[in-house]
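Listed below, chain by chain, are the residues.
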Amino acid sequence: MTRKLALAKPYQPFLLRVLHGLTGLCLIAAILTAYWTYDTYDGRWGRISLPTYQAIEGIHGTFGLWTLLIFPAFVLYAFHRGQRRLIQPDSFDKLAQVGKPIWWYTLNRGTNTLALLALTFALFSGKMMDETWLPQGELTHAWYYAHLISWVVMVSAIALHLLINAKVGGTPLLLSMLTWQFRDQDSPALWLAHLSQWWFDVRQGAWARWFQPMTMMVGLEIAILVSIGAAWLISLVK
Ligand code: HEM
Ligand code: HEM
C-alpha cells in the first residue's frame, strides 16, 4: 500500500519546475509591488495605506521586466513539452461531463491556459505604460486602466489555478511543483545533450514541421509570442 502511494506521488519535470517557479516568483513580486504602486499613487478603489514609497514604481517595473524576460521560455515549454496540460481540441466536449474527474482535469487545463493569456495581457499592457504618468497624477490613460484590469484578471487566474489544482491533486500536487528533488533521467546535466540533439534536428530540417499542422494551439502560441515581441517593439519605438 505504501509502495502504491509512493508511486502515485505526483512528479513534475525539473525544467517545468524551474521555468514555472521563476515565472511565478517574479510575477508574484510584480503583483505585490503593483499593489503598493497603486496604493502610493492612486487608491481610487480603496487603499490599505501602505507607507508612501515612490521608488516602488521602479521596483515594480523591474520585477515586471524579469517576468517578461523569462515568460517566453515558459510559453515554449508549456506549448511543447507541457502541451497535454493546456486546453485540448476536445476540451469543450469534455466540459459537458460536469462534476466527473475528467471535467476537473479539463477545467485545470483551461485555467493553465487562462493563466498564460492573463500574463500576456499584464505584460503587454505593462510595456505600454509610461513611468511618468503616475508621478504626474495622470491616472486616466487607457493603457493604465488596461494594466489595472490585468492585475485583477491575473490575481483571479492564479486563485482559480491554485483552487483547481488543490481540488484535482490536493497538497501533494501543489507541493510537487515546489520541490527540488529530481529523477536521474530528468537531471539538468542532460539538458545540454537535449539541446544539441534539438539543434541537430533543426539543421536536418525539423523546422519545416514546426507549424504543421496549423492547429488552434499553434495559433495561440504564435499569438502569445508575437504579442510579447510586439510589446518590446512598440515600447522601443514610443
Ligand atoms: C504560486 C504558486 C503556484 C503553484 C503552487 C502552482 C502549481 C501548479 C501545479 C501543481 C501545476 C501542475 C498541474 C498538473 O500536473 O496538471 C501547474 C501547472 C501550470 N501552472 Fe502553475 N502554480 C503556481 C503559479 C502559477 C502562475 C503564477 C502561473 C502563471 C503563468 C502558472 C501557470 C501554469 C501553467 C501554464 C501550467 C501548465 C504547465 C504545463 O503546460 O506543463 N502557475 N501549476
Ligand atoms: C499582474 C500584474 C502586473 C504585471 C505582471 C505587471 C508587469 C509590468 C511590466 C512588464 C511593466 C514594464 C516594465 C518595463 O518595461 O520596464 C510594467 C510597468 C508598469 N506597471 Fe505593471 N504590472 C502589473 C500590474 C500593475 C498595476 C496594478 C499597476 C498599478 C499601479 C502597475 C503599474 C505599473 C507602472 C506605473 C509601470 C511603469 C513603470 C516602469 O516601467 O518602470 N502595474 N508592469
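The coordinates are above.
Procedures and definitions
Residues numbered from 1 in each chain as written. Chains lettered and ligands numbered in written order. Predicted model: local features only at pLDDT ≥ 70, side-chain atom pairs only at ≥ 80, totals over all residues. Heavy atoms only, no water. Axes fitted to C-alpha atoms, helices over the stretch in contact; angles between N-to-C directions. Helix = DSSP H or I, 4+ residues; strand = E, 2+ residues; numbered from the N terminus. Left-handed = near helix turned anticlockwise from the far one by under 90°. Contact = heavy atoms within 4.5 Å. Nonpolar A, V, L, I, M, F, W, Y, C, P; charged D, E, K, R; others polar. Near = heavy atom within 4 Å. Polar contact = N/O pair within 3.5 Å; in protein donor to acceptor, adjacent residues only side chain to side chain. Donors = N, O, S within 2.8 Å, 3.2 Å for Na, K, Ca; no water. Tetrahedral: all angles 85-135°; square planar, octahedral: opposite > 155°, others 65-115°. Buried < 20%, exposed > 50% of the residue type's maximum accessible area, 1.4 Å probe, protein only. Expected span 1.5 Å × (residues − 1). Core = buried A, V, L, I, M, F, W, Y, C linked by side-chain atoms within 4.5 Å.

Asker: Help me get a handle on the packing of helix α3 (residues 56–79) against helix α5 (residues 101–127), residues and values and all.
Answerer: When two helices pack together, their arrangement is given by the angle between their axes and by how far apart the axes lie. Remark: α3 packs on α5, axes separated minimally by 11 Å, with the N-to-C direction vectors making an angle of 145°. Like other packed secondary-structure pairs, α3 and α5 cross with a definite hand, here left-handed. Across the interface between the two elements, G64, L65, T67, L68, F71, F74, A78 and F79 of α3 pack against L116, L119, T120, L123 and K127 of α5. Residue composition of the contact of α3 with α5, by class: nine nonpolar, three polar and one charged.

Asker: A description of the site of ligand 2 should follow, citing residues and the corresponding values.
Answerer: Every one of the 22 residues lining ligand 2 counts as a neighbour, but A34, E57, H60, K127 and H147 are closest to it. The side chain of K127 places a nitrogen or oxygen atom 2.6 Å from an oxygen atom of ligand 2. Between H147 and ligand 2, the recorded distance is 2.7 Å, taken from a side-chain N or O atom to a nitrogen atom.

Asker: Give me the coordination of the iron atom of ligand 2: which residues, what numbers.
Answerer: Listed as protein donors to the iron atom of ligand 2 are H60 (NE2) and H147 (NE2); their distances from the metal cover 2.0 Å. One can describe the site at the iron atom of ligand 2 as octahedral: its six donor atoms subtend angles covering 82 to 179° at the metal. Highlighted residues: H60 in helix α3 and H147 in helix α6 (residues 142–176), separated in sequence by 87 residues. A relative accessible area of 17% means that H60 is categorised as buried.

Asker: If you had to explain the site of ligand 1 to someone new, which residues and values would you point to?
Answerer: Near ligand 1, the surroundings consist of 21 residues, among which H20, G82, R85, H161 and L173 are the closest. Here Q12 contributes a side-chain N or O atom positioned 3.4 Å from an oxygen atom of ligand 1. One of the backbone nitrogen or oxygen atoms of G82 is found 2.9 Å away from an oxygen atom of ligand 1. Looking at the shell around ligand 1, the elements with two or more residues in it are α2 (14–41), α3, α5 and α6. Grouping the constituent residues of the shell around ligand 1 by class yields 13 nonpolar, seven polar and one charged.

Asker: Got a sec to walk through the coordination of the iron atom of ligand 1? Specific residues and values, please.
Answerer: For the iron atom of ligand 1, the full set of protein donor atoms is H20 (NE2) and H161 (NE2), and the range of their distances to it is 2.0 Å. Angles of 86 to 179° at the metal separate the six donor atoms of the iron atom of ligand 1, which places the site in the octahedral class. Remark: H161 occurs in helix α6 and H20 occurs in helix α2; sequence separation between them is 141 residues. What makes H20 partly exposed here is its relative accessible area of 24%.

Asker: Describe α2, listing the residues and the values that go with them.
Answerer: The end-to-end C-alpha separation of α2 is 40 Å, in line with the 40 Å expected for 28 residues at 1.5 Å each. At the exit of α2 stands G43, carrying a positive phi of roughly 85°.

Asker: Now, about the nonpolar core: what can you tell me, with residues and values included?
Answerer: F71, F79 and L116 are the most contacted members of the largest nonpolar core, which has 23 residues in total. Put simply, the parts of the chain that give this core at least two residues each are α2, α3, α5, α6 and α8 (216–237). Ranked by residue count, the leading element in this core is α3, at eight residues. Setting aside residues no more than four positions away along its own chain, F71 makes contact with T23, L116, L119, T120, L123, I224 and I228. Listed in part, the eight residues of the second largest apolar core include Y38, M129, L134 and Y144.

None of the figures reported here should be taken as evidence of function without further support.
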